[in-house]
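# Secondary and tertiary structure notes
The residues making up each chain are set out below.
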Amino acid sequence: MKRLTASLLASCVLAACATTDIAPVAEGDGVETAASEDLRGMLEAEAAPAPVTPPPRQRRGREPAPLQVLANANTAARQRPTPDAFNQARHVFTYQSGALYELHTNPNYVSTVLLEPGETLSDIAAGDTARWMVTEATGEADTEARTIVLVKPQAVGLRTNIVLITDRRTYLIEAVSQAGSAYAAQVAWSYPQNVSASANVPSIDRLNFAYRVRTVRGRAPVWTPARVFDDGRRTWVEFPAGVAAADMPPLFIITGEGAEITNYRVQGRRMIVDRIFDRAELRLGVRAPVIVRIDREGARR
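A brief look at the structure comes next. Model, not experiment: these values are computed from the prediction.

### Considerations on the side chain of E281
Tracing the backbone shows E281 in strand β19 (residues 279–284). Classification of E281 as buried rests on a relative accessible area of 5%. There is a polar contact of 2.7 Å between the side chain of E281 and the side chain of R283. Aside from chain neighbours lying at most four places away, what touches E281 is P250, L251, F252, I254, I291, V292 and R293.

This is the structure we're talking about:
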């Protein structure tokens, strides 16, 4: 009986095993395999280059019109009165080449413009000559004559420009006329970059003072040069201290073909000629000119 029962139990177990399919488990399957696939995908995504996004297209700004460019440049260059630039009623600008100097005027008053002592006015021009009076005058400084420009408008609400061309520089002035009692009585300039006449003279040990100065016609004038010298390239004709630039006569170079006027510039009481000459003459007068001759000693004539 016991043997029969054991046989029946063994048969049941074998039958159950025969009817149940058990799938083989391969290495790496299941949860571990899914995690590996996810990790591989993440690594591949990180290794792939990021998509390149083009930069936003910048819109090109519209260029200003030429007239607006001119207006902006003039505004930037315009110099106006400032409280710290006055000496009594004289407004002193600091000279800068290319700057526009504003001059406030009034029909009831005359405004004066002072140039540097010894500076000679070569030309003067105004944009509106019908309604503006612009004239030249000469005043006396301590040792030299001083050019003065007188400016007066005919009405209020006017605006024009005045250009002064001298032997040293060019002044650009914008004149404005207005009502009331305020006006610019006088304007002048300081010249921080101006080099004095003595600073332009080279060392004395390189100068040649071997010049003879004598009056050959008329009486010896007060403007007879005190001395003449050169540095091998330029010649300086130095006048006495009491002689103003306006009193200096023209200089003529004497050559084999006759007398010819030469170019020179004036600094203080010195006349500077950008050349060396053997003989020159200072002449003043027409019918009976006074002539002072300058000879370089040792030169062939």
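### Remarks on the pairing of strand β14 (residues 235–238)
Side chains T235 and V237 project from β14 onto one buried face, and the interleaved W236 and E238 project onto a second face that is buried too. Bridge count for strand β13 (residues 227–230) against β14 is four bridges, and the pairing is antiparallel. Following the sheet pairing, D230 is matched in β14 by T235. As consecutive antiparallel partners, β13 and β14 are separated by four residues, and within that stretch G232 has a phi angle of approximately 95 degrees, a positive value. Sheet topology places β14 next to strand β18 (residues 270–273); four bridges connect them, and they run antiparallel.

### Focus on the sheet that holds β18
What the four strands build is an open sheet, ordered β13-β14-β18-β17; its pairing is antiparallel. Of all strands in the sheet, those bounded by a partner on one side alone are β13 and β17 (265–267). Ignoring which end each strand starts from, the neighbouring axes of this sheet average 25 degrees apart.

### Some details on the nonpolar core
Counting residues in hydrophobic clusters, the biggest one holds 21 residues, and the most contacted among them are V113, L164 and W189. Listed by contribution, the elements that provide at least two residues to this core are β4 (100–105), β8 (145–153), β9 (159–166), β10 (170–177) and β11 (186–190). Per element, the largest residue contribution to this core is three residues, and it comes from β10. Beyond its immediate stretch of four places on either side in the chain, V113 contacts L103, T147, I148, V149, V151, L164, I173, V187 and W189. In this structure, W223, V237, V266 and M271 belong to the second largest nonpolar core, which totals 18 residues.

Thresholds, definitions, all that
Residues numbered from 1 in each chain as written. Predicted model: local features only at pLDDT ≥ 70, side-chain atom pairs only at ≥ 80, totals over all residues. Heavy atoms only, no water. Helix = DSSP H or I, 4+ residues; strand = E, 2+ residues; numbered from the N terminus. Buried < 20%, exposed > 50% of the residue type's maximum accessible area, 1.4 Å probe, protein only. Polar contact = N/O pair within 3.5 Å; in protein donor to acceptor, adjacent residues only side chain to side chain. Contact = heavy atoms within 4.5 Å. Pairing = 2+ DSSP bridges. Axes fitted to C-alpha atoms, helices over the stretch in contact; angles between N-to-C directions. Core = buried A, V, L, I, M, F, W, Y, C linked by side-chain atoms within 4.5 Å.

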